[in-house]
Amino acid sequence: MKLIVTDREGKVHELEARDGWRAMEVIRDANLPLTAECGGACACATCHVYVDEAWAAKLAPAEKQEIEMLDFGVAVEGNSRLSCQIIMSAELDGLKVTLAPESL
């Protein structure tokens with residue numbers, strides 16, 4: 001399955017994703033600039049991405065901890081998610097996200 005990632009310079013990357021992997025793991029393993037300091041524990045906001053509007057409703061709703069962590073993100077928008085909380089599945093084949101700005 002594919003995860004389509006637009007980096008901070010606007011370049012689009014088509015990444016091979018595995019069922020059950022976190023989007024954060026796929027992005028990080030592709031050596032794209034995603035810090036992911038907590039390693040997927042939903043304890044920071046350094047894996048912040050913007051989900052393409054066409055895909056937002058297909059994701060499981062953000063849970064309380066993710067919403068609270070997004071308060072620490074930079075340039076949070078209505079389509080902001082933590083990529084560590086997006087679990088890849090066949091239903092998300094072709095998911096499009098954009099890397100959010102890094103924290104200052």
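Preceding this section is the structure that the text describes.
Residues numbered from 1 in each chain as written. Predicted model: local features only at pLDDT ≥ 70, side-chain atom pairs only at ≥ 80, totals over all residues. Heavy atoms only, no water.

## Thoughts on the side chain of D7
Note that D7 resides in the loop between β1 (2-6) and β2 (12-16). For the buried D7, which has no salt bridge, the nearest side chain bearing the opposite charge is K11, at an N-O separation of 6.1 Å. Within the local environment of D7, its side chain forms a polar contact with the backbone nitrogen of E9, the two atoms lying 2.9 Å apart. From its side chain, D7 meets the backbone nitrogen of G10 in a polar contact 3.0 Å long. Not counting residues up to four positions away in its chain, the partners in contact with D7 are H13 and L99. (Helix = DSSP H or I, 4+ residues; strand = E, 2+ residues; numbered from the N terminus. Buried < 20%, exposed > 50% of the residue type's maximum accessible area, 1.4 Å probe, protein only. Lys, Arg positive; Asp, Glu negative; His and termini not counted. Salt bridge = Lys/Arg side-chain N within 4 Å of Asp/Glu carboxyl O. Polar contact = N/O pair within 3.5 Å; in protein donor to acceptor, adjacent residues only side chain to side chain. Contact = heavy atoms within 4.5 Å.)

## Considering the nonpolar core
Of all hydrophobic cores here, the largest spans 28 residues; its most connected members are L3, I27 and L95. Those elements that provide at least two residues to this core are β1, α1 (23-29), β3 (48-51), α3 (64-70) and β5 (95-99). Examining the composition of this core, we find that 4 residues originate from one element, α1, more than from any other. In this structure, I27 is in contact with L3, V5, L15, L32, L34, V49, S83, V97 and L99, ignoring residues within four places of it in sequence. (Core = buried A, V, L, I, M, F, W, Y, C linked by side-chain atoms within 4.5 Å.)

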